[in-house]
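Spelled out, the chains give:
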Amino acid sequence: MAQINLGRKEVSCKIVYYGPGLSGKTTNLEKVYEKTPEDNKGRMTSIATEGDRTLFFDYMPLDIGTISGMHTKFQLYTVPGQTYYKSTRKLVLQGADGVIFVADSGTDKIEENAQSLADLRDNLAENGLTLEEMPFVIQYNKRDLPDVLDIAILEEKLNEGKVPHFTASAVTGEGVIPTLKGLSRIVLDNLNKTSSQRPARPKPAGAQAAPAQPAKPAPAAQRQAVQPAKTPASQRPAHLAAPAKPALAAKRNVGTPARPAAPPKGVKKPVRPAAGRPPGATARPARSARPVAVPEKKNMTWIYVSAGAAAAALVAALLL
Amino acid sequence: MSNIEKELVQNRLVFYENDIEKINKVLQAFITLSEAKCAMLIDKEGHMVTNAGQEAQFDTDTISALAAGSFAATKEMAKVLGEDEFSVLFHQGKVDNIQLTLIGDRCLLAVVFDERTTIGMVRLYAKEAATRLMEIFKVVEKREPSADEKLLKDGFSNDAGNKMDDLFGEDA
Ligand SMILES: Nc1nc2c(ncn2[C@@H]2O[C@H](COP(=O)(O)OP(=O)(O)OP(=O)(O)O)[C@@H](O)[C@H]2O)c(=O)[nH]1
Ligand SMILES: [Mg+2]
């Protein structure tokens, strides 16, 4: 659950990227990292195997700045998608305020997607939660590939709850930010509700989430709102459209969006060598289809967490 | 999971100014006594609550997330051994060391220290601090904000959306 810290005037929410192995969760996070201005992010940490597969989780803190006097942060995590790591996914999922399901659009991947969704429900249930009460969006990724299923088919097979969906090609970065923004909005809308105002729990299996509060948009209505990645603002469902948009649009037209190479934050002093990558550890081995600009790479600190954490992660993964 | 446990997990943690002041006092006293470099209070989900001691030379968000992650993983190890969880974790480095102590049901105290002090001192005073922090948490964990209390201003998520538009420019 999010932490609301009125003493430090901070709000911190946890967002988890879920989905089958190789669907592009880590790639999503990498793109968010690349697109985030220097001052608004910490380091990106990846507890991964040599072969790029996520072993425990990837993590990056995203600082969106001060909103109504509250310093607001998102802690972004990915889970390891391989079936084998189910119990690790459960650990990472604990305390999530929202979930982005990254589905692989490939024609031969429908079964894997469905299995991963079932696994998500299972893991939530073990933490005493249901998917219906969790802020949730689906991303249909890898739209750039030739052999992909139509969105209509994916929707029918995967999106039972009719949550907002987004299309993406994480590898080019397309659709990555709209997906994150779409979920963030639902997560933050949910924040001001005390638990008594949130849907009653526990719920009998299969029951529809019933809002305890009339003021809140009915989950059913909310979930029917489907938002393709490139829907013009005017067609967006009301709950996703930001009223202050015109001003922003105008602002954007004035020159290119400023993204200065800002000096790093004080807290982000270069870490001592000891904390850097151990010799022999590499940045994720370059995958042929992964164009990574050198300056961006410099900003990413991939920690191959040695001994302790990795061993602990393995043990956790080996359980059950 | 028992019902009580479940409730604890599902209640959002809200810290008020008064809580943070009290916690900071305990952490500062701990730093003075133990001569540790810094102390961070982290909730089990990896969000930092507050810190004391030397201005952090590292990314506190990342340390918090990793500390919570390694705690969660070792808890699973503990279960395999038939323990409920390990209440103290210690990682030794060449220069800096970090000790994690479980505080009640939902928080961790992370202490970074070097050769100016010893693990014995840190452990002793951390235990003392833990007891005092637990007292403070008993109140925080059970408290549920009243229904009409607005923790965040109306329009908060809208403003956040706009902020993200600003942040990501054309990508948003
Ligand atoms: N063509 C294409 N390839 C993609 C896309 N997104 C990710 N990939 C590739 O798919 C592979 C797996 O991506 P990852 O992001 O590591 O997948 P993951 O979901 O994190 O995998 P696990 O950590 O094992 O769960 C990589 O080679 C990516 O470059 C996409 O949108 N289009
Ligand atoms: Mg991954």
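So, how was this worked out
Residues numbered from 1 in each chain as written. Chains lettered and ligands numbered in written order. Predicted model: local features only at pLDDT ≥ 70, side-chain atom pairs only at ≥ 80, totals over all residues. Heavy atoms only, no water. Donors = N, O, S within 2.8 Å, 3.2 Å for Na, K, Ca; no water. Helix = DSSP H or I, 4+ residues; strand = E, 2+ residues; numbered from the N terminus. Buried < 20%, exposed > 50% of the residue type's maximum accessible area, 1.4 Å probe, protein only. Near = heavy atom within 4 Å. Polar contact = N/O pair within 3.5 Å; in protein donor to acceptor, adjacent residues only side chain to side chain. Areas by Shrake-Rupley, 256 points an atom, 1.4 Å probe, with all protein chains shown as cover. Phe/Tyr/Trp six-rings, centres within 6.5 Å; stacked < 30°, edge-to-face > 60°. Lys NZ or Arg CZ within 6 Å of the ring centre and 35° of its normal.

**A few points about the coordination of the magnesium ion (ligand 2)**
All names here are of chain A.
At step 1: With distances of 2.0 Å, the protein atoms coordinating the magnesium ion (ligand 2) are T26 (OG1) and T54 (OG1). Here the residue T26 occupies a position in helix 1 (residues 25-35), and T54 occupies one in strand 4 (residues 54-67), the gap between them amounting to 28 residues.
At step 2: Taking the relative accessible area as the measure of exposure, T26 reaches 8% and is therefore buried.

**Some words on the site of ligand 1**
All names here are of chain A.
At step 1: Taken together, 22 residues are adjacent to ligand 1, and K25, T27, R53, T54 and G81 come closest.
At step 2: Within the side chain of T26, one N or O atom sits 2.8 Å away from an oxygen atom of ligand 1.
At step 3: Here N141 contributes a side-chain N or O atom positioned 3.1 Å from an oxygen atom of ligand 1.
At step 4: Coverage of ligand 1 by the protein chains reaches 90% of its 660 Å² of free accessible surface.

**Points about the packing of aromatic side chains**
At step 1: All told, the structure shown has six aromatic pairs over all chains when counted by the stated rule.
At step 2: For the pair A:Y59 and A:Y77, a centre-to-centre distance of 5.1 Å together with 55 degrees between the ring planes defines the contact as tilted. Placement of A:Y59 in strand 4 and of A:Y77 in strand 5 (residues 70-78) is noted, with a sequence separation of 18 residues between them.
At step 3: Note on A:Y59: relative accessible area 0%, which makes it buried.
At step 4: Ring centres of B:F90 and B:F113 lie 6.0 Å apart, and the angle between their planes is 15 degrees; on these two criteria the pair is classed as stacked. Of this pair, B:F90 sits in strand 4 (residues 88-91) while B:F113 sits in strand 6 (residues 107-113), and the two are 23 residues apart along the sequence.
At step 5: On the basis of relative accessible area, B:F113 is assigned to the buried category, the value being 2%.
At step 6: One aromatic cluster is present, built from ring pairs that chain together A:F56, A:F57, A:Y59 and A:Y77.
At step 7: The ring of A:Y77 is capped by A:K14, whose NZ or CZ atom sits 4.6 Å from the centre of that ring.
At step 8: Just above the ring of A:Y33 sits the side chain of A:K41; from NZ or CZ to the centre is 4.1 Å.

Interpretation note: all reported values are geometric properties and have no functional meaning in isolation.
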